[in-house]
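Residue strings, one per chain:
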Amino acid sequence: MKKRVITAIVLLAVLIPAVYLGGLYFLAVGIFLSVVASYEMMSMFYTKSPTLKNYRYVVPTFSGFIVLFIYFAATRGLTPDILNDQILGSGDLITNLLYHFWVNIVFVAAIIICLGALVFTKNSTAHDMMAVITTLCYCGLIMGYVISIEYIEPVGFSDYIDNKLFGGRSIAYLFTVTMITDTAAFLFGSKYGKHQLAPTISPKKSVEGAIAGLVFGTVFGVIAAFLFQMLSFKETANLGTRIGVVAIVALVSLILSSTVQIGDLVCSKLKRSYEIKDFGKIFPGHGGVLDRFDSFIFAGATFYVIVQFVQLVILGA
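Residues numbered from 1 in each chain as written. Predicted model: local features only at pLDDT ≥ 70, side-chain atom pairs only at ≥ 80, totals over all residues. Heavy atoms only, no water.

Peer 1: Account for the pattern of salt bridges, with residues named and values stated.
Peer 2: The full count for this structure, using the stated rule, is two salt bridges. Asp-264 serves as the salt-bridge partner of Lys-205, at 2.9 Å between the closest nitrogen and oxygen. Of the two residues, Lys-205 is situated in strand S3 (residues 202–206) and Asp-264 in helix H9 (residues 239–273); the sequence distance between them amounts to 59 residues. Take Lys-205: its relative accessible area is 26%, and that puts it in the partly exposed class. One salt bridge connects Asp-291 with Lys-271, and the closest N-O pair in it is separated by 3.0 Å. Of this pair, Asp-291 sits in helix H10 (residues 289–316) while Lys-271 sits in helix H9, and the two are 20 residues apart along the sequence. Of the residues examined, Lys-271 reaches a relative accessible area of 15% and is grouped as buried. (Salt bridge = Lys/Arg side-chain N within 4 Å of Asp/Glu carboxyl O. Helix = DSSP H or I, 4+ residues; strand = E, 2+ residues; numbered from the N terminus. Buried < 20%, exposed > 50% of the residue type's maximum accessible area, 1.4 Å probe, protein only.)

Shown next, in the form of structure tokens:
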């Protein structure tokens, strides 16, 4: 327990300043976590595929580059300033779109290079190819977009709301939903759990715990969204508007809370399939990066999709 507490304190001492300061500091931490997560996942696949020995180092390198290019895309993507200035046909916009296109180029190039090399690797199998693709997707592409939440600046959703869905505010909100969901599910599941949620994957998780996680994750998600001033009402907002916005935030928090638990089960399924207790040992008492951030990665990816989808709908309208 002492080891877990000390590790948690050190983690917070690194992550809180990174989230608050953002910029290159947060990017460096994000790339580091992505690279380590990729190494952990490839090491897991390596336990049953010795041919992946050298790819434990190659794939993480590509994951780091994918995260880097996603950062470029996020910091040079569509922003309210570009839209308000009505320069949709300018070279600046083309540059922004090219950065997003570069993410695809780097991702596909990484897959082509790794799969091409595997073809000429003795005793390699289709399992090895799927292992590489899965790791690049999960620890490179998906983690990269989760990390980019620190940098995206979505367009405002209403004339009645001050939208600040970017930076440390959103990261703090996601951490709150993740932490509260996991904690409530564990505490209530331990005391009141009678019906197993996924007995073949994680026997200790219960339906009662999952429901408690959803309820508390949703409630505290709404509180966090306004506490961290992600959204704040303008004076022109009437009661109906306020209630509607709170309901939407509650719905989003509910969705995120559910994906927190799904993300945990996904990683539990992987560990059980490959008969490992933890993905890594980088965090004494807590395991590896994927052990600590499995739920957050899934919830963050969902949040990113929701925000970007709403933007596309607004822009399309």
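There is more to say, and it comes next.
Peer 1: Outline the packing of aromatic side chains, listing residues and values.
Peer 2: Given two aromatic rings, their pairing is described by the distance between the two centres and the angle made by the two planes. On inspection of all chains with the given rule, the structure shows 14 aromatic pairs. Seen from their ring centres, Phe-69 and Phe-72 are 5.8 Å apart, and the 90° between their planes marks the pair as edge-to-face. You can see Phe-69 and its partner Phe-72 sitting in helix H3 (residues 55–75), three residues apart, about one turn around the helix. Aromatic pair Phe-216 and Phe-220: ring centres 6.5 Å apart, planes at 20°, arrangement stacked. (Phe/Tyr/Trp six-rings, centres within 6.5 Å; stacked < 30°, edge-to-face > 60°.)

Peer 1: Which residues make up the confidence of the model for the protein chain, and what values go with them?
Peer 2: When pLDDT is averaged along the protein chain, the result is 84; 84% of the residues meet or exceed 70. When mean pLDDT is taken per element in the protein chain, helix H6 (residues 126–147) scores highest with 95 and helix H4 (residues 80–84) scores lowest with 42. Predicted confidence for residues 77–91 stays below pLDDT 50, and this span has 18 contacts to residues more than four positions away or in other chains. (pLDDT = per-residue confidence, 0-100. Contact = heavy atoms within 4.5 Å.)

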